[in-house]
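# Fold and geometry: a report
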Amino acid sequence: MFDWIQNLADWFVYDVLNLTKEQHLAEALNFFIYDTTKILILLFVVIFFMGIVNSYFPVDKVKNYLSRNKLYGLEYLMASLFGVVTPFCSCSSVPLFIGFVRGGIPLGVTFAFLITSPLVNEVAIGLFIGLFGLKTTLIYVVNGVLLGSISGIILQKLKLERFLTPWVKEILENAQRDQDIFKAENKKFTARLSIIWDEVVKILKGIIPYVLVGIAIGGLMHGYIPEGFFEKYLDKNNLFAVPIATILAVPMYSNASGILPIVQVLVAKGIPLGTAIAFMMGVVGLSLPEAMLLKKVMTLKLITIFFGVVTLCIILSGYLFNLIL
């Protein structure tokens, strides 16, 4: 989907700037250009689309439906499965997170998507089958979906809406206000577009600085942290290797397909598969660039709780993988 952006980044870095692929600066800059362009496009498309949806399907009705109807956890499972079919990294998932919150989707359900989307996608599944076989892949996919669903349920039970930033709360109020205007004046679609556009511009202006800083951090990590930097801490005889792998993965940043070759190397060197997968989940699902992006929509306390719950689930998954496989 985004190959043209990668080609553009390659052309600018390697042809225009005449840098070589072996240079750390080239890797970092290439990553920054690619991810910035991709995420800004996603932000625009998702926010604009959700603005159109919200203008016709009121936020209050969505909330009322989800609060009145007991779906027995299926809403979390559906959000996780939707995450599986969206091939985005953690930072790319943040625009959809904003759109979901703005659309009145409960925070826990939105978290279920945010957690699963970077962990499990069709690209990662294809690579996983080739590297580790069908059985391990099925266990991994089921584990990833359950991880997102269970984490979402836990986070919803904690009632964390009060820890959203004032910026997000203002966006939600504006969404409801705009819907009231659309209802009262019965505006046609073309007339609604100007209001939707103004809101898109306002949201983009608010979040772009965080996007740039977050991706810049990710680019530096991608370009300058050696792939084998953490391998010495993941010895198979270390009882605490799984939590260490998860925590040490946070400073790194990559998508699932990018980190899978490293996981294969770790396993080939004798590191248990569960420990290696916990490392991969930590890299993909918990990252400093993602935290930087989330800082615009969540308070530090909410980010800490979110990362804490996901970290705990990843660690438990790692130990479970080591027992099963």
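Quick caveat, the model's predicted, so the values are computed rather than measured. Chains are numbered independently. Their residues run from 1 in the order of the written sequence. Local features are withheld for residues below a pLDDT of 70 in this predicted model, meaning they are given only at 70 or higher, and side-chain atom pairs are given and counted only at 80 or more; totals for whole chains, interfaces and linings count all residues. For the side-chain quantities, the full set of heavy atoms in the structure was used; hydrogens and water were omitted.

## Comments concerning the overall build of the protein
Here a helix means four or more residues in a row that DSSP labels H or I, a strand means two or more in a row labelled E, and each is numbered from the N terminus. Counting its regular elements, the protein contains 15 helices and zero strands. Computed with the Shrake-Rupley method and a 1.4 Å probe, the accessible areas treat only the protein chains shown as cover for residues. As presented, the protein carries roughly 15100 Å² of accessible surface, and 68% of it is formed by carbon and sulfur atoms.

## Considering the packing of helix α6 (residues 107-119) against helix α8 (residues 134-157)
One way to put it is that α6 packs onto α8 with a least axis distance of 7 Å and a crossing angle of 155 degrees. As far as their axial angle goes, α8 and α6 are roughly antiparallel. Considering only the axes of α6 and α8, their crossing is right-handed. Where α6 approaches α8, its residues L107, G108, V109, F111, A112, I115, T116 and L119 are matched on the opposing element by Y140, G144, V145, L147, G148, S149, S151, G152, L155 and Q156. Here the nonpolar group is Ala, Val, Leu, Ile, Met, Phe, Trp, Tyr, Cys and Pro; Asp, Glu, Lys and Arg are the charged ones; every other residue, Gly included, is treated as polar. Of the residues belonging to the contact of α6 with α8, the class tally is 10 nonpolar, eight polar and no charged. Here, axes are lines fitted to C-alpha atoms. For helices the fit covers the stretch in contact, and angles between N-to-C directions go from 0 to 180 degrees. Reported orientations rely on four angle classes, namely roughly parallel under 35 degrees, roughly antiparallel over 145, roughly perpendicular from 65 to 115, and oblique for the rest. Crossings are assigned a handedness: left-handed for a near helix turned anticlockwise from the far helix by less than a right angle, right-handed for a clockwise turn. By the convention used here, residues are in contact when the closest approach between their heavy atoms is within 4.5 Å.

## Looking at unusual backbone geometry
What you tend to see is this: most non-glycine residues have negative phi, and most peptide bonds are trans. In this structure, N18 is a non-glycine residue whose phi angle is positive, near 60 degrees. Position of N18 among the secondary structure elements: in the loop between α1 (3-16) and α2 (24-56). A positive phi angle is found at K159, which is not glycine, with a value near 50 degrees. Assignment of secondary structure puts K159 in the loop between α8 and α9 (166-185).

## Let's talk about a nonpolar patch on the surface
Side chains of W4, L8, W11, F12, V16, L17, I41, F44, V45 and W197 sit close together on the surface and give an oily, nonpolar patch of about 910 Å² of accessible area. Residue assignment for the nonpolar patch shows that the elements contributing at least two residues are α1 and α2. Here the element with the most residues in the nonpolar patch is α1; it accounts for five residues. Exposure above 30% relative accessible area and the lack of any salt bridge qualify a residue for a patch; like charges then connect within 9 Å, and the nonpolar side chains Val, Leu, Ile, Met, Phe, Trp and Tyr within 5 Å. Whenever Lys or Arg places a side-chain nitrogen within 4 Å of a carboxyl oxygen from Asp or Glu, that contact is recorded as a salt bridge.

## Overview of the environment of N238
Position of N238 among the secondary structure elements: in the loop between α10 (189-224) and α11 (241-249). Exposure classes here rest on a 1.4 Å probe applied to the protein chains alone. A residue is buried below 20% of its type maximum, exposed above 50%, and partly exposed in between. A relative accessible area of 26% means that N238 is categorised as partly exposed. Considered as a pair, N238 and I271 are 33 residues apart in the sequence and their alpha carbons are 10.0 Å apart.

## Points about the packing of aromatic side chains
Centres within 6.5 Å make a pair out of two Phe, Tyr or Trp rings, where for Trp the six-membered ring is used; the pair is then stacked when the planes are under 30 degrees apart, edge-to-face when over 60, and tilted otherwise. Evaluation of the coordinates by the stated rule reveals five aromatic pairs. Consider the rings of F306 and F307, whose centres lie 5.6 Å apart with planes at 70 degrees: the pair is edge-to-face. Under the relative-accessibility criterion, F307 is labelled buried at 14%. Here the aromatic residues F111, F306 and F307 are joined through ring pairs into a cluster of three or more.

## Looking at the side chain of N143
Topologically, N143 is positioned in helix α8. Overall, N143 belongs to the buried group, its relative accessible area being 10%. As used in this structure description, the phrase polar contact means that two N or O atoms lie within 3.5 Å; if the pair is within protein, one of them must be able to donate a hydrogen and the other to accept it, and residues adjacent in sequence are counted only when both atoms belong to side chains. Side chain to side chain, N143 and S317 meet in a polar contact 3.2 Å long. Ignoring anything within four residues of it in the chain, the contact list for N143 reads M281, S317 and F321.

## A few points about the nonpolar core
It is characteristic of soluble globular proteins that their nonpolar side chains tend to be buried jointly. Counting 64 residues, the largest nonpolar core has F111, Y140, F279, M298 and F306 as its most contacted members. Counting residues per element, this core draws most heavily on helix α15 (residues 300-324), at 10 residues. To form a nonpolar core, buried Ala, Val, Leu, Ile, Met, Phe, Trp, Tyr and Cys residues must be joined to one another through side-chain atoms within 4.5 Å. By size, the runner-up hydrophobic cluster in this structure holds 10 residues, among which are F2, A9, A26 and Y34.

## Things to note about the side chain of S317
Take S317: it is sitting in helix α15. Among the polar contacts listed, one links the side chain of S317 to the backbone oxygen of C313, at a separation of 2.8 Å. With residues near it in sequence (within four places) discarded, S317 still touches N143 and L147.

## Remarks on the packing of α6 against α15
One can describe the packing of α6 onto α15 by two numbers: an axis separation of 12 Å at closest approach and a directional angle of 60 degrees. Considering their axes alone, α6 and α15 lie oblique with respect to each other. When the axes of α6 and α15 are compared, the crossing they make is right-handed. Residue-level inspection shows L107, F111, L114 and I115 of α6 in contact with α15, the latter providing L302, F306 and V310.

## Regarding the environment of Y140
For Y140, the location among the structural elements is in helix α8. Taking the C-alpha atoms as reference points, Y140 and F128, separated by 12 residues in sequence, lie 8.7 Å from one another.

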